[in-house]
Amino acid sequence: MSHHLRAGADEPLLRAIPPVLAAIRLGGLVPWSSVDYPGHQSAVLFCGGCPWRCGYCHNSHLWRGAADVPWPAVADFLRRRRGLLDAVVISGGEPLAQAQAVEAALRVIRDEGFATAMHTAGVAPRRLARLLPLLDWIGLDIKAPFARYAALTGSRRSGWAARAALDMVLASGVPCELRTTVHSALLPAADVIALVTELRDLGVARLVLKDFRGQGCADAGLVARHRPWLTPALAGRLRAVMPEIVLPACTEHAAAL
Ligand code: SF4
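Procedures and definitions
Residue positions are counted from 1 within each chain, in the order its sequence is given. Local features in a predicted model are, by the rule used here, given only for residues with pLDDT of at least 70; side-chain atom pairs are given and counted only at 80 or more, and totals for whole chains, interfaces and linings are based on all residues. Under the DSSP-based scheme used, a helix requires at least four consecutive residues in state H or I and a strand at least two consecutive residues in state E, with every element numbered from the N terminus. In this scheme the burial state of a residue depends on its C-beta neighbours within 10 Å: 20 or more other such atoms mean buried, 12 or fewer mean exposed, and anything in between means partly exposed; the C-beta positions come from the backbone. Here the contact rule is simple: place C-beta atoms from the backbone, and any two residues whose C-beta atoms are within 7 Å are in contact. The rule for pairing is simple: two strands pair if DSSP sees at least two bridges between them. Seen with its strands pointing away from the viewer, a crossover is right-handed if its path from the first strand over the helix to the second goes clockwise. As used here, a nonpolar core is made of buried Ala, Val, Leu, Ile, Met, Phe, Trp, Tyr and Cys residues. They are joined through C-beta atoms within 7 Å. Any residue qualifies as near a molecule or strand once its backbone-derived C-beta atom lies within 6 Å of it. When residues are sorted by character, Ala, Val, Leu, Ile, Met, Phe, Trp, Tyr, Cys and Pro go into the nonpolar class, Asp, Glu, Lys and Arg into the charged class, and all the rest, Gly among them, into the polar class. Multiplying 1.5 Å by the helix residue count minus one yields the expected span of that helix. Each axis is a line fitted through C-alpha atoms, and for a helix only the stretch in contact is used; angles between axes span 0 to 180 degrees, taken between their N-to-C directions.

A separate point is the overall build of the protein. A count of helical and extended segments in the protein gives nine helices and seven strands. If one aligns the C-alpha atoms of the protein with their principal axes, the spans along those axes are about 65 × 35 × 35 Å. The proportion of buried residues among the 257 residues of the protein is 38%. Pairs at least 24 apart in sequence give 72% of the contacts found in the protein among residues at least 6 apart.

Structure follows, in structure tokens:
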């Protein structure tokens, strides 16, 4: 990959790289994805760093802030993908852990004509507020009923942060997808029902529930404890609360509720 960038050129990707962007810590770049920003052909950048410690995290190698992909390599890649990709997704780790650098990256990406999307758990709502005007779409992780957050994330104020982030995203009008990963031991059926009800009462019409997958999870014990959890009966109860909810495949043999 060539990294020859000409400072001072007219094109946004070729301008001199501001120090805050030069310091961005990226742990990976996926050159093409059709699922990370639904309906778009995207590249995905994985930010290093996250202040939370969810046991089921499948990117724990990024927690400490990997810096494997320098921004000039990203800029060069995007320059060569003009016309082939229409969007760039900033994922993680947690992009809000380095919001200043992500803000600079979003400005460059937008200037270049790509749509912008971000995956976040809303760990820092004030930082999120600064980024929202720069985003065309946001995928917001909702982990549990807000009162139960600390048990999942290991962070005492995480429930407050997530609730504030949700309020901001809903008020912003930025198109979004709310999604929840369900590990049967961390989020039992009663909590799933409570969460969907809580979100419905906040005006959320659609939540995407995803089944926990062990790939990338560093906690082998947690992987072993996961059981099928979505019975047809539970699916029916969830749809009764939120008709547009998106559910993974049911199993007749899910753990007793
Ligand atoms: S918020 Fe996301 S990146 Fe951070 S620990 Fe939890 S799952 Fe992993």
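With that settled, the discussion passes to the pairing of strand 7 (residues 208–211). The sheet contact formed by strand 6 (residues 176–182) and strand 7 spans four bridges and is parallel. By the bridge assignment, Val 182 is partnered in strand 7 with Asp 211. What joins strand 6 to strand 7 is helix 7 (residues 189–201), and the crossover it makes is right-handed.

So, on to the nonpolar core. Within the largest apolar cluster, 73 residues are counted, with the highest numbers of intra-cluster contacts made by Leu 45 and Ala 105. Per-element tally for this core: the top contributor is helix 3 (residues 99–111), with eight residues. Apart from the residues within four sequence positions on either side, Leu 45 is in contact with Leu 26, Leu 29, Val 74, Val 88, Ile 90 and Ser 91.

What follows covers the site of the ligand. The local shell around the ligand consists of Cys 50, Trp 52, Arg 53, Cys 54, Cys 57, Asn 59, Gly 92, Gly 93, Glu 94 and Ala 121. Partitioned by chemical class, the residues of the shell around the ligand number five nonpolar, three polar and two charged.

Take helix 3 next. In this model helix 3 runs 18 Å from its N-terminal to its C-terminal C-alpha over 13 residues, within 8% of the 18 Å that 1.5 Å per residue would give. Those residues of helix 3 lying buried are Ala 99, Ala 101, Val 102, Ala 104, Ala 105, Leu 106, Val 108 and Ile 109. Structurally, helix 3 contributes buried residues whose contacts are with helix 1 (19–22), strand 2 (42–47), strand 3 (87–91), strand 4 (115–120) and helix 4 (125–131). Following helix 3 by one or two positions, Gly 113 adopts a phi angle in the positive range, close to 105 degrees.

Adjacent strands of a sheet pair through backbone hydrogen bonds, lying either parallel or antiparallel. Read from one edge of the open sheet, seven strands run 1-2-3-4-5-6-7, paired in mixed fashion. Edge positions in the sheet fall to strand 1 (26–33) and strand 7, since each of these pairs with one other strand and no more. Neighbour-to-neighbour, the strand axes of the sheet open up by a mean angle of 20 degrees, direction not taken into account. Across four bridges, strand 3 lies against strand 4 in parallel orientation. Residue pairing across strands places Val 88 opposite Thr 116, the latter belonging to strand 4. Against the sheet, helix 3 engages strand 2, strand 3 and strand 4, with an angle of about 170 degrees to strand 3.

This part takes up unusual backbone geometry. Where the residue is not glycine, phi is negative for most of them; where a peptide bond is considered, it is trans in most cases. Cis geometry is found at the peptide bond from Gly 92 to Gly 93, where omega equals 10 degrees. Relative to the assigned elements, Gly 93 resides in the loop between strand 3 and helix 3.

Quick look at the environment of Gln 215 now. Tracing the backbone through its elements, the reader meets Gln 215 in the loop between strand 7 and helix 8 (220–225). The sequence separation of Gln 215 and Ile 17 amounts to 198 residues, and the corresponding C-alpha distance is 35 Å.

Our focus in this paragraph is the pairing of strand 2. Counting buried positions along strand 2 yields six of six residues, so the element is predominantly enclosed. Side chains of strand 2 alternate between two faces, with Ser 42, Val 44 and Phe 46 and Ala 43, Leu 45 and Cys 47 buried alike. With five bridges connecting them, strand 1 and strand 2 associate as antiparallel partners. Its bridge partner lying in strand 2, Val 30 is registered against Val 44. Inspection of the sheet shows strand 2 paired to strand 3 by five bridges, in the parallel sense. When the sheet's bridge partners are listed, Leu 45 is paired in strand 3 with Ile 90. Following the chain from strand 2 across helix 2 (residues 71–80) to the adjacent parallel strand 3, one finds a crossover that is right-handed.

Note that all results are geometric; they support no functional claim without further evidence.
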